[in-house]
Amino acid sequence: MPTFNSVAEKVRANQRISTEEALFLFASNDLLAIGELAALANERKNGRQVFFNVNRHINPTNICVNRCAFCAFSRTTGEAGAYTLELDEICRRAVEAEGDGATEVHMVGGLHPDLPFEFYEEALSALRRAAPSLHIKAFTAVEIDYFARISGLSIEQVFQRLMAAGLGSMPGGGAEILVEEVRQKICPEKISGQRWLDIIRLAHRAGLKTNATMLYGHLEDAADRVAHMAMLRDLQDETGGFQAFIPLAFQPENSDLKLGTRGTSGLDDLKTLAISRIFLDNFDHIKAYWIMLGEKIAQVALAFGVNDLDGTVVEERIGHDAGARSPQSLTMAGIVRLITLADRVPVERDTLYRPLRSF
Ligand code: V47
Ligand code: SF4
């Protein structure tokens, strides 16, 4: 049986903790002690630097054939609020972002029943032509699987075509909870957890860096969270292709009520971020997505193992459609202030974590 001291010893000695030990930490409410270990694990990797990047989220369509129970963003064709952006509008937003100092566009959307694969390929080339300095981080493993199905191409061919058109890396969405039992309840139409991992493995093999997310605070328990992180840690051992781990706090409004309406607590948010920092010893970065956490928890998270704050998003739909109370965007000055007041050094990074400037 683990004790707090035995787990702490391992973390101090820079040794990997087991799933049993991670579960032990989840069962503890000694938040400050867990946070101290996470802060140590983070400081060893990242010192006192905290990264942020200036990006713009673009969601080309919210029409989606999946309709996951937790998702308040998606619509069916013809439903009130359903939209699909024209390529011109996608480019206009990217050009505006480039003008405002963004270095990245983050583009993900629903699984549209009618748009052909070529639409997405064209969106990438149009973006690259219109805003050549922007790195394009786009499409989750769920979308990549869908593109292969609608085009008849293999996953490898989809990656080849998208990379030739300008795809630079992939975000970490669609992972939700990789454990099949939970997945069947929260997103039965979505690709399996195994398929998500297989596609990400192929992305890494194709030379694309990706992130990994975890949607928590709904039907899952601590064992599911730990199992989810263990699958990511195993894949990272194999490929080394993950950049950041991003726990996403479930926003319950406007989503299927069977998932519960509680949302997450501040204690759970900080504990989850901290344990992920300790457990995922082969991930360089733990990102707090302040859109889902709120700015205050995201700032406090910097003392609990987090070294990356996302982002200067400008317009966010997925969390806000589900009731997130955070603002739509933070200015760069706002993010820098948040980090500085937490006694850390703000570093603007590009998508691949190359430092651009410190403040
Ligand atoms: O996969 C959907 C989540 C994800 C809700 O890689 C919800 O840099 C909370 O993946 N409450 C998309 N979460 C967002 C995403 C992301 C965000 C920021 C940075 C990165 C990155 C990736 O949003 C979906 C799903 O897990 N989501 N509905 C909800 N009600
Ligand atoms: Fe569609 Fe993604 Fe929403 Fe699921 S989470 S309904 S796949 S947009």
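Note that the structure is a prediction, hence the values are computed from the model and not measured.

Student: Outline the overall build of the chain, listing residues and values.
Tutor: Helix and strand counts for the chain stand at 14 helices and ten strands. The C-alpha radius of gyration of the chain comes to 19 Å, within 12% of the 21 Å expected for a compact globule of 359 residues. Along the first, second and third principal axes, the C-alpha set of the chain runs to 55 × 45 × 35 Å. Burial analysis of the chain (359 residues in total) assigns 60% to the buried set. Here the chain carries 38 positive and 47 negative side-chain charges, and the mean point of each set is 2 Å from the other.

Student: Tell me about the pairing of strand 6 (residues 242-249), and please be specific about residues and values.
Tutor: Burial runs high along strand 6: eight of the eight residues are buried. Relative to strand 6, strand 5 (residues 210-216) runs parallel, the two being bridged by six bridges. Residue pairing in the sheet places Leu215 in a bridge with Leu248 of strand 6. Handedness of the strand 5-helix 10 (residues 222-239)-strand 6 crossover: right-handed. Relative to strand 7 (residues 285-289), strand 6 runs parallel, the two sharing two bridges.

Student: I'd like to hear about the side chain of Asn66, residue by residue, with values.
Tutor: Within the secondary structure, Asn66 sits in the loop between strand 2 (55-58) and helix 4 (87-99). Residue contacts for Asn66: discarding those within four places in its chain leaves Leu111, Val142, Glu189 and Lys190.

Student: Residue-level account of the packing of helix 1 (residues 4-12) against helix 2 (residues 19-27), with values.
Tutor: One way to put it is that helix 1 packs onto helix 2 with a least axis distance of 10 Å and a crossing angle of 120°. When the axes of helix 1 and helix 2 are compared, the pair comes out oblique. The element helix 1 and its partner helix 2 pack so that their crossing is left-handed. Contacts between helix 1 and helix 2 involve Phe4, Val7 and Lys10 on the former and, on the latter, Glu21, Phe24 and Leu25. Residues that form the contact of helix 1 with helix 2 fall into these classes: four nonpolar, no polar and two charged.

Student: Any chance you could break down the site of ligand 1 for me, citing the residues and the numbers?
Tutor: Inspection of the region around ligand 1 gives 22 residues, with Lys137, Gly172, Gly174, Glu176 and Lys287 positioned closest. Between ligand 1 and Gly173 there is a distance of 3.4 Å, counted from an oxygen atom to a backbone nitrogen or oxygen. Note that an oxygen atom of ligand 1 is positioned 2.8 Å from one of the backbone N or O atoms of Gly174. Cavity membership is defined here by more than half of the atoms lying within 2 Å of grid points; on that basis ligand 1 lies in the largest cavity. When residues of the shell around ligand 1 are traced back to their parent elements, those giving at least two are strand 5, strand 6 and strand 7. Residues that form the shell around ligand 1 fall into these classes: eleven nonpolar, seven polar and four charged.

Conventions used here
- Residues numbered from 1 in each chain as written.
- Chains lettered and ligands numbered in written order.
- Predicted model: local features only at pLDDT ≥ 70, side-chain atom pairs only at ≥ 80, totals over all residues.
- Heavy atoms only, no water.
- Helix = DSSP H or I, 4+ residues; strand = E, 2+ residues; numbered from the N terminus.
- Rg over C-alpha atoms; globule rule 2.2 N^0.38 Å.
- Buried < 20%, exposed > 50% of the residue type's maximum accessible area, 1.4 Å probe, protein only.
- Lys, Arg positive; Asp, Glu negative; His and termini not counted.
- Charge placed at Lys NZ, Arg CZ, Asp CG, Glu CD.
- Pairing = 2+ DSSP bridges.
- Right-handed = clockwise from strand over helix to strand, strands pointing away.
- Contact = heavy atoms within 4.5 Å.
- Axes fitted to C-alpha atoms, helices over the stretch in contact; angles between N-to-C directions.
- Parallel < 35°, antiparallel > 145°, perpendicular 65-115°, else oblique.
- Left-handed = near helix turned anticlockwise from the far one by under 90°.
- Nonpolar A, V, L, I, M, F, W, Y, C, P; charged D, E, K, R; others polar.
- Near = heavy atom within 4 Å.
- Polar contact = N/O pair within 3.5 Å; in protein donor to acceptor, adjacent residues only side chain to side chain.
- 1 Å grid on protein atoms, 1.4 Å probe; cavity = no way out; pocket = protein on both sides within 12 Å on 5 of 7 lines; lining within 4 Å.
- Sits in = over half its atoms within 2 Å of the grid points.

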